[in-house]
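Coordinate inspection notes
In case you want the letters, here they are:
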Amino acid sequence: MERGARRGAVAAGGLLAAAWRSLRERGPKDGGGRRGLARLLSCCGMGCGAWRIQGTRPFSLPAATRAILGLGRWGNDGGKKPLTLQDVAKLIRNKECHRIVVMAGAGISTPSGIPDFRSPGSGLYSNLEQYDIPYPEAIFELTYFFVNPKPFFTLAKELYPGNYRPNYAHYFLRLLHDKGLLLRLYTQNIDGLERAAGIPPDRLVEAHGTFATATCMVCRRKFPGEDFRGDVMADKIPHCRVCTGIVKPDIVFFGEELPQRFFLHVTDFPMADLLFVIGTSLEVEPFASLAGAVRSSVPRVLINRDLVGPFAWQQRHNDVAQLGDVVGGVEKLVELLGWNEEMQALIQKEKEKLDAKDK
């Protein structure tokens, strides 16, 4: 059913693209142009880059589709000189950028050994057949969870904090905090490696939830996530000590509201003077849209395997894209900043702490 919906989405996207090309060719006087597109999107029930096919969840148009439809703008803002990674490093060194917001995705955790969700063949969604679920996304759907919570807790055992260690990219973000430069870190990850790297919770927005806390699905009591670690590691379904309801870690499932802290973006992004986007596909809304929420004068730096989101279809002259291996890109920035020795000292200190904790 899910695959059928996806095929329908692709077909519908193709029809929409064809309709838009026709409207554009006709021009505004003949009912075309952008006003014609607005009417077309209205008829489709589409707005803000997302639309619904009957019987499926809303989804976001990929960056390429938006570009085909002409919903973004390409180029470098009137021929202004493009910014480089070296320029960004200079801005940070000179304290011209000191309210840095970071958007992080699964790509910063894969070097720690955690698979991402969407990579074909190696992503978590590709490897979920072992859990005997009807389709991969069901593992994060409440309706399926209430029927069969076992697959989620099997996955939770794999991802539970303590199984993996932070890597170079996490410690770079920690160093930004230590230097008083990190306004906020917005992460899509649920692995807790940002906390493990020593970034305090008040600097974190865990947009898709956390294992640090848990909630009874019946009486709604809150518990520290660590209280149920033993159950999860022993392949047991955790139950509330008061009402015996199932206790679910505060990971955001499809259809659940985002954490209240997510709405800090309303003040954080207008205040930011530099945005880092690291290791994310920028495909999941509403997180993805935050990349466009900083002021147009604010530099945006993408450290990622591929061009994604507005870096692909709505480029600004002050966008910088460092493509390839994420850790390699962060290492290059650290070198330009002249922070190599501080990074190595921090990593060694934190490694010794984790080693002592594991004994």
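Residues numbered from 1 in each chain as written. Predicted model: local features only at pLDDT ≥ 70, side-chain atom pairs only at ≥ 80, totals over all residues. Heavy atoms only, no water.

Points about the packing of aromatic side chains
To describe a pair of aromatic rings, you give the distance between the ring centres and the angle between the ring planes. Short version of the rule: Only Phe, Tyr and Trp rings take part, Trp by its six-membered ring, and two of them pair if their centres are within 6.5 Å. Stacked means planes under 30 degrees apart, edge-to-face means over 60, and tilted covers everything else. Helix numbering and strand numbering both begin at the N terminus, where a helix is a DSSP run of H or I of at least 4 residues and a strand a DSSP run of E of at least 2. Any Lys NZ or Arg CZ found within 6 Å of a ring centre and within 35 degrees of that ring's normal is scored as a charge over the ring.
One pass over the full model with this rule turns up 14 aromatic pairs. Ring geometry for Phe 140 and Phe 253: centres 5.8 Å apart, planes at 85 degrees, overall edge-to-face. Placement of the pair is Phe 140 in the loop between β3 (100–104) and α5 (142–147) and Phe 253 in the loop between β8 (247–251) and α10 (265–271), with a sequence separation of 113 residues. Ring centres of Phe 145 and Phe 146 lie 6.0 Å apart, and the angle between their planes is 65 degrees; on these two criteria the pair is classed as edge-to-face. Feature note: the residues Phe 140, Phe 145, Phe 146, Phe 152, Phe 153 and Phe 253 constitute an aromatic cluster, connected by ring pairs. Over the ring of Phe 311 we find Arg 300; its NZ or CZ atom is 5.2 Å from the centre of that ring.

Quick notes on helix α13 (residues 340–358)
Here is the rule we go by: Here a helix's expected span is defined as the number of its residues, less one, multiplied by 1.5 Å. A 1.4 Å probe rolled over the protein chains alone gives each residue an accessible area, and that area as a share of the maximum for its type sets the label: buried under 20%, exposed over 50%, partly exposed in between. In this description, the arc belongs to the directions extending from the helix axis to the C-beta atoms. Contact definition: two residues touch when any of their heavy atoms are within 4.5 Å.
For α13, with 19 residues, the first-to-last C-alpha span of 27 Å sits near the 27 Å given by 1.5 Å per residue. All of the buried residues along α13 are Met 343, Leu 346, Glu 350 and Leu 354. Seen from one end, α13 has its buried residues packed into an arc of 70 degrees, which puts them on one side. Opposite the buried face of α13, at more than 90 degrees from it, the exposed residues are Glu 341 and Ala 356. Looking at the packing, one finds that the buried side of α13 touches α7 (168–178), α8 (193–196) and α12 (326–337).

A few points about the state of the cysteines
Inclusion rule: We call a pair of cysteine sulfur atoms a disulfide whenever their separation is within 2.5 Å.
The full count for this structure, using the stated rule, is zero disulfides. The cysteine Cys 216 is free of any disulfide, with Cys 243 supplying the nearest cysteine sulfur at 3.4 Å. Looking at Cys 216, the relative accessible area reads 0%, which means it is buried.

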